[in-house]
Amino acid sequence: MSERRTVDIHVPVLARVEGEGALELAVRDGTIEKLMLRIYEPPRLFEQFLVGREYHEVPDMVARICGICPVAYQMSAVHAIEQAFGMQPDPWVRDMRRLYYCGEWLESHALHIHMLAAPDFLGYPSVTALAQDYPAEVRRGLRLQGLGNAIVAALGARSVHPVGARVGGFSRAPTAAEARALLESLREALPDAEELVRWTASLELPASDQEFTTVALRHGDEYPMNEGRLVSSAGLDIDIREFDDHFREHQVPHSTALHSHLHDRPYLVGPLARLNLNLDRLPAQVQDLLDDTGLSWPSRNMFHSVVARAVEIHYGCVEAIRLLERYQTPTAPRLEPTPRAGVGFGCTEAPRGILWHRYEFDERGTVIDSRIVPPTSQNQARIEQDLKWTLEAGDLESDDRELRQLCETVIRNYDPCISCATHFLDLRIDRQ
Amino acid sequence: MTLYVVGIGSDVGDDQVGWLIANRLQDRRADAQAHCCRSPMELLARLPVDDSLLIVDAVRSGHHPPGTIHRLQWPATTRLAAWQQPASSHGLSLADALSLADQLTLLPRTTLLWGIEIPEPTPTPDLSAPVLSAVDSLIRSADRYFPVQTVMDCG
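**Student:** Would you take a moment to explain the overall build of chain A for this structure?
**Tutor:** Along its length, chain A carries 14 helices and 13 strands. On C-alpha atoms alone, chain A measures out to a radius of gyration of 21 Å, which is about the 22 Å that the 2.2 N^0.38 rule sets for 432 residues. Counting every position in chain A, which comprises 432 residues, the buried fraction comes to 62%. Taking all contacts inside chain A whose residues are at least 6 apart in sequence as the whole, residues at least 24 apart take part in 72%. A total of about 16,800 Å² of accessible surface is found on chain A, and carbon and sulfur atoms cover 48% of it. Computing the positive centroid from 45 side-chain charges and the negative centroid from 64, chain A places the two 3 Å apart.

Structural data, given as structure tokens:
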């Protein structure tokens, strides 16, 4: 008779995720006794940095929160500020904000698929090792990421922490020649994007069939990026202003990032949630390719997130081509805002899921209060739920190395951006 | 034959020394082409290059005084720990980026890496005196390592 193993796995630093986190797992008598995704990066306090700053400083400041998804931070912020000031972006600005977002999805998703996730699914320790056997695929990833960076730089002046986004529009409009060059690059990249969808769908991904609630934006007639209502697979359908009526953030002792629940339950945000909830918003060209993969959608296999990212790269190319084919240089790249006192909300679809902002301004446009709810903090509870499900569905008697690899694969599959999420400090002052 | 000079850094303080040298070499030599990158990941997007690649970066080893120049030829970057660690968890270290580029056969025959030791970074517009003094020395070194084909008259 064999004794059941006692397992203590401590992953002190998670590799191939953005930021610094850790995992603690304890198994006693075949039962998970402790499972904690620890996020221990110091709080970054961005929300407090913003208080007292002028509205026009906000887009550049929030772009510093993340080196991978600065566009998302800028877009959630400018939409919230414009709502507070009663502004509507003009059609050119609206188009360019979608183009800007296409760039970010391309660079972020291409980085994740090729550099972070593919080594897990193909059994390599790193992208450099993967490149020995899959050089063409890694080169494709670098091309797509570079193209995403080029789109971001065209509107943001640079690809890392871009500075071009402004309340009311952009600092500068791309010239017609720059737009044509981007369009040409996107047309050349389209076969890469199509092949990427087929490649990710052909990967031997772990089987997984879990029940979970998905949350994403949903727009009346387009795949969501900057606008829409908040919807869920459980029937939620609300204005973004109503976020606090349904979602609750709370702190757990093992994380400097807040956990978030929808109606007291974990939920998923990100590409799989977005795709599952917006399949009918994909253009026919993208829908056809998705159908050709033979996978069933909406999917309850969390590992199909990698396919969803590839689909969004393909969509990003198709959408960017559509926007650039009708590109015209505007008379002005932005509308001038008129500050006023008020509260504004912004919620956009960052590569990792919904990114919700709320700002309150005084009559001069000075920030009185700000709140930022990033996607990774929203996914934390869901990641722990997924880890528990996956471990219990698998073999807890596996050796520590295999269990550790499995846990890391589950976590990386969410493409967590831990640096974005750590913005909270539980400050307790004991005054005698 | 083209000399590709990639400066890694930013436009602030001593961190700009890589960009400054890349741009000065491009201004001075008809055969030089400068690229200014903020991270080793961006370097990957500039590859492949055909001829010679010179990478210039500010480094802080903690073992050498500011202004010290490190001259290495790829793949001998293990001697400089500063290039083994990524500046951010969002990216690759310079050594990892070059390993990947090498694996993908994106590197040219000759890849040189020059690092300039900088003091504690400060958000000032100018270079510190010891780093500034290293700039002219490195420009002259570039002319020796990569024989000048055409020197432009910069006035």
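What follows continues from the structure just given.
**Student:** Looking at this model, I keep getting lost on the pattern of salt bridges. Mind explaining?
**Tutor:** Should their charged atoms come close, side chains of opposite charge can pair. Counted according to the given criterion, the structure contains 38 salt bridges over all chains. A salt bridge links arginine 412 of chain A to glutamate 408 of chain A; the nearest nitrogen and oxygen atoms lie 3.5 Å apart. Here arginine 412 of chain A and its partner glutamate 408 of chain A are both found in helix α13 (residues 400–412), four residues apart, which amounts to about one turn of the helix. Each of the two residues, arginine 412 of chain A as well as glutamate 408 of chain A, counts as buried. For aspartate 143 of chain B, the salt bridge identified is with arginine 28 of chain B, shortest N-O distance 2.3 Å.

**Student:** So what exactly am I meant to see when it comes to the packing of aromatic side chains here?
**Tutor:** By convention here, two paired aromatic rings are described through the distance between centres and the angle between planes. Scanning the model with the defined rule gives 18 aromatic pairs over all chains in all. With a centroid separation of 4.4 Å and an interplanar angle of 5°, the aromatic rings of phenylalanine 243 of chain A and phenylalanine 247 of chain A are classed as stacked. Just as phenylalanine 243 of chain A is buried, phenylalanine 247 of chain A falls in that class too. An aromatic cluster is present here, built from Phe243, Phe247, Tyr267, Phe345 and Trp356 of chain A joined pairwise through their rings. Here the basic side chain of arginine 140 of chain A rests over the ring of tryptophan 199 of chain A, its NZ or CZ set 4.8 Å away from the ring centre. Over the ring of tryptophan 114 of chain B we find arginine 71 of chain B; its NZ or CZ atom is 5.8 Å from the centre of that ring.

**Student:** It is not clear to me how helix α6 (residues 135–156) of chain A should be interpreted in this structure. Could you clarify?
**Tutor:** Residues lying three or four places apart along an α-helix face the same way, a consequence of the helix completing one turn every 3.6 residues. For α6 of chain A, spanning 22 residues, the distance from its first C-alpha to its last is 31 Å, which sits close to the expected 32 Å at 1.5 Å a residue. Following α6 of chain A by one or two positions, alanine 157 of chain A adopts a phi angle in the positive range, close to 75°.

**Student:** Which parts of the structure should I look at to understand the confidence of the model for chain A?
**Tutor:** Do not read the fine detail of predicted coordinates wherever pLDDT is low. Confidence in the prediction of chain A, expressed as mean pLDDT, is 91, and 94% of residues score 70 or more. Between residues 423–432 of chain A, whose pLDDT stays under 50, and residues either more than four places distant or in other chains, the model counts 13 contacts.

Each value, and the rule that gives it
Residues numbered from 1 in each chain as written. Chains lettered and ligands numbered in written order. Predicted model: local features only at pLDDT ≥ 70, side-chain atom pairs only at ≥ 80, totals over all residues. Heavy atoms only, no water. Helix = DSSP H or I, 4+ residues; strand = E, 2+ residues; numbered from the N terminus. Rg over C-alpha atoms; globule rule 2.2 N^0.38 Å. Buried < 20%, exposed > 50% of the residue type's maximum accessible area, 1.4 Å probe, protein only. Contact = heavy atoms within 4.5 Å. Areas by Shrake-Rupley, 256 points an atom, 1.4 Å probe, with all protein chains shown as cover. Lys, Arg positive; Asp, Glu negative; His and termini not counted. Charge placed at Lys NZ, Arg CZ, Asp CG, Glu CD. Salt bridge = Lys/Arg side-chain N within 4 Å of Asp/Glu carboxyl O. Phe/Tyr/Trp six-rings, centres within 6.5 Å; stacked < 30°, edge-to-face > 60°. Lys NZ or Arg CZ within 6 Å of the ring centre and 35° of its normal. Expected span 1.5 Å × (residues − 1). pLDDT = per-residue confidence, 0-100.

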